[in-house]
Amino acid sequence: MLSKRISNLNPYVPGEQPKDRIYIKLNANENPYPPSQNAIAAIKKFVDANPMKLALYPDPDSFELRKAIASHLNKTGGCMNSCSKLPFEITPEMIFCGNGSDEVLSFVFYTFFDSDKQLIAPTHTYSFYPVYCGYYQIPLTTVDLKDDFTLDTDKMLSLAKENSSSAMIFANPNAPTSLALTVDQVRSLLKQYPKDKVFVIDEAYTDFSDESCLALLNEFNNLVIVRTFSKSMCFAGQRLGYCLASPELISSIVRAKNSFNHFPVDAITQVAAMNSCLDTDYYIDQTKKVVATRNRFCNFLKENGWFFYQSKTNFVLAKKEGLSGEEIYQFIKKEGVLVRHFSTPLISEYVRITIGTDEQMDELMRIMKMIH
Ligand SMILES: *Cc1c(COP(=O)(O)O)cnc(C)c1O
């Protein structure tokens, strides 16, 4: 009964969502703060005032929402932690919206990566990329991280230049390393990268870092930047992702979308997210709060003999000499906090800890002090 395709899939395994006990949840890089009051009020008002709008299909192209996202990005420059001005104006024609950035990534994979050419990605990056390669039967060539966990950009570039490659993708900042290339480093990569191949950067965590590669969009027509409302916009439960690229590339993604699902973003999500974008200052405050808590947590790790990477994200990758990642994970879980452990080689000694509220992190630090 089943297709051959289905048995060859290796589905993504998300952070656990246990129902047996209430845990402090620091395992899925969700935001510990709620969306803005503006967004919540807009949802209530929309549902109360426009019941008929729920009976009708939403705008298939999320036009008002894309306008709002453009204006939000023009305000922040793509990094709410630093807020700088972009050298050009982002327009709605440069934006595509989908049902979570996972879906946007799926359209990007379908639109730009061929099944007879290699996609180049780091061995350690967002683990959904290999899953989509399985789904779309796209061959993947992975490049190991360097010893300091940064990307081996020389190797990635030389592989991407080969005729047998279609494109390159990585998250910046990367997951689960939490480290980022600077915009200058990415620009220099793009200058040497083939102009006729797409270059995809996943900026899921960029708002918590120092700078965004959005500034490079007017320099490189082959650049695609994927972003999400799930992390810095406190919106993981509502599902909204988007990507930015030249209007030409965006219209190709729309073509893929219209061959799969005309209406990926529902009416309530469009209204809520539009109103979130009108409240940029609120999200800047939450982002800065998360970054301040992260820095405080990193000081704790340093003072207590943990090894960790200097995070540019809302999570920290940490380990303790003499203990396995599994042991650390189990110890912390027993005490009521969930963090993420990957059994993948190279990172199995670590746990990935999402930055929560100050109170949640105080509780975690109390527990971590007991680990020896
Ligand atoms: C969380 C995450 C996503 C997925 O985001 P959604 O919009 O919730 O689907 C994509 N890429 C990276 C690197 C992420 O960490």
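Residues numbered from 1 in each chain as written. Predicted model: local features only at pLDDT ≥ 70, side-chain atom pairs only at ≥ 80, totals over all residues. Heavy atoms only, no water.

1. Remarks on the sheet that holds strand β9 (residues 307-308)
Pairing between the strands of a sheet is mediated by backbone hydrogen bonds and can be parallel or antiparallel.
Step number 1: What the three strands build is an open sheet, ordered β9-β10-β12; its pairing is antiparallel. One side of each edge strand has no neighbouring strand; the edge strands of this open sheet are β9 and β12 (351-354).
Step number 2: Note: β9 against strand β10 (residues 315-319), two bridges, orientation antiparallel. In the strand pairing of β10, Phe308 is matched with Ala318.
Step number 3: Its contacts with the sheet put helix α11 (residues 280-303) on β9, β10 and β12, and the angle it makes with β10 is roughly 5°. (Pairing = 2+ DSSP bridges. Helix = DSSP H or I, 4+ residues; strand = E, 2+ residues; numbered from the N terminus. Contact = heavy atoms within 4.5 Å. Axes fitted to C-alpha atoms, helices over the stretch in contact; angles between N-to-C directions.)

2. Thoughts on the site of the ligand
Step number 1: Near the ligand, the surroundings consist of Gly100, Ser101, Asp102, Tyr126, Ala171, Asp202, Ala204, Tyr205, Thr228, Ser230, Lys231 and Arg239.
Step number 2: The separation between an oxygen atom of the ligand and a polar main-chain atom of Ser101 is 2.6 Å.
Step number 3: The separation between an oxygen atom of the ligand and a polar side-chain atom of Thr228 is 2.5 Å.
Step number 4: The fraction of the free accessible surface of the ligand (390 Å²) that becomes covered by protein chains is 93%.
Step number 5: By residue number, the principal contributor to the shell around the ligand is helix α5 (residues 100-112), which donates three residues.
Step number 6: Partitioned by chemical class, the residues of the shell around the ligand number four nonpolar, four polar and four charged. (Near = heavy atom within 4 Å. Polar contact = N/O pair within 3.5 Å; in protein donor to acceptor, adjacent residues only side chain to side chain. Areas by Shrake-Rupley, 256 points an atom, 1.4 Å probe, with all protein chains shown as cover. Nonpolar A, V, L, I, M, F, W, Y, C, P; charged D, E, K, R; others polar.)

3. Overview of helix α9 (residues 247-257)
Step number 1: All of the buried residues in α9 are Leu249, Ile250, Ile253, Ala256 and Lys257. The buried residues of α9 occupy an angular sector of 110° when the element is viewed end-on, so they sit on one face. In α9, the exposed positions angled more than 90 degrees off the buried face are occupied by Glu248 and Arg255. (Buried < 20%, exposed > 50% of the residue type's maximum accessible area, 1.4 Å probe, protein only. Arc of directions from axis to C-beta.)

4. Digging into the packing of helix α4 (residues 63-76) against helix α10 (residues 267-277)
Step number 1: One way to put it is that α4 packs onto α10 with a least axis distance of 8 Å and a crossing angle of 25°. By the criterion of interaxial angle, the relationship of α4 to α10 is roughly parallel. Our pair here, α4 against α10, has a crossing hand that is left-handed. Between α4 and α10, the residues in contact are Glu64, Leu65, Ala68, Ile69, His72 and Lys75 and Gln270, Ala273, Met274 and Cys277, respectively. (Parallel < 35°, antiparallel > 145°, perpendicular 65-115°, else oblique. Left-handed = near helix turned anticlockwise from the far one by under 90°.)

5. Looking at the domain arrangement of the protein
Step number 1: Under the domain assignment, the protein is made up of domain 1 (4-34 + 282-368) and domain 2 (37-280).
Step number 2: Just the C-alpha atoms count here: the centres of domain 1 and domain 2 sit 23 Å apart.
Step number 3: Counting from both sides, the interface comprises 34 residues of domain 1 and, opposite them, 37 residues of domain 2.
Step number 4: Across the domain 1/domain 2 interface, buried area totals approximately 3000 Å², and carbon plus sulfur atoms make up 68% of it.
Step number 5: Counting the surface domain 1 buries against domain 2, the share from its top three residues, Tyr12, Tyr283 and Lys312, is 25%.
Step number 6: Along the contact surface separating domain 1 from domain 2 lie one salt bridge.
Step number 7: Between Asp210 and Lys312 there is a salt bridge, and its shortest N-O distance comes to 2.6 Å.
Step number 8: In this assembly, domain 1 and domain 2 are joined by twelve residue pairs in polar contact (both at pLDDT 80 or more).
Step number 9: Going through the elements one at a time, α11 and β10 are the ones with two or more residues in the side of domain 1 that touches domain 2.
Step number 10: Top element by residues in the side of domain 1 that touches domain 2 is α11. It accounts for eight residues.
Step number 11: For the side of domain 1 that touches domain 2, the residue count by class is 19 nonpolar, nine polar and six charged. (Domains from an automatic or database assignment. Buried area = accessible area lost by both parts, 1.4 Å probe. Salt bridge = Lys/Arg side-chain N within 4 Å of Asp/Glu carboxyl O.)

6. Quick look at the sheet that holds strand β8 (residues 241-244)
Step number 1: Strands sit in the order β2-β8-β7-β6-β5-β3-β4 across an open sheet of seven strands; the sheet is mixed. Of all the strands in the sheet, just β2 (95-98) and β4 (140-143) have a single pairing partner and so form its edges. Going from strand to strand, the sheet's axes swing by 20° on average, the running direction of each strand aside.
Step number 2: Summarising the sheet, strand β3 (residues 118-122) and β4 pair through four bridges and their orientation is parallel. Among the inter-strand pairings, Ala121 is bridged to a residue of β4, identified as Thr142.

7. Describing the environment of Ser158
Step number 1: Mapped onto the secondary structure, Ser158 falls in helix α7 (residues 153-161).
Step number 2: For the pair formed by Ser158 and Tyr132, sequence separation is 26 residues and the distance between their alpha carbons is 23 Å.
Step number 3: A distance of 3.2 Å separates the side chain of Ser158 from the backbone oxygen of Lys155, its partner in a polar contact.

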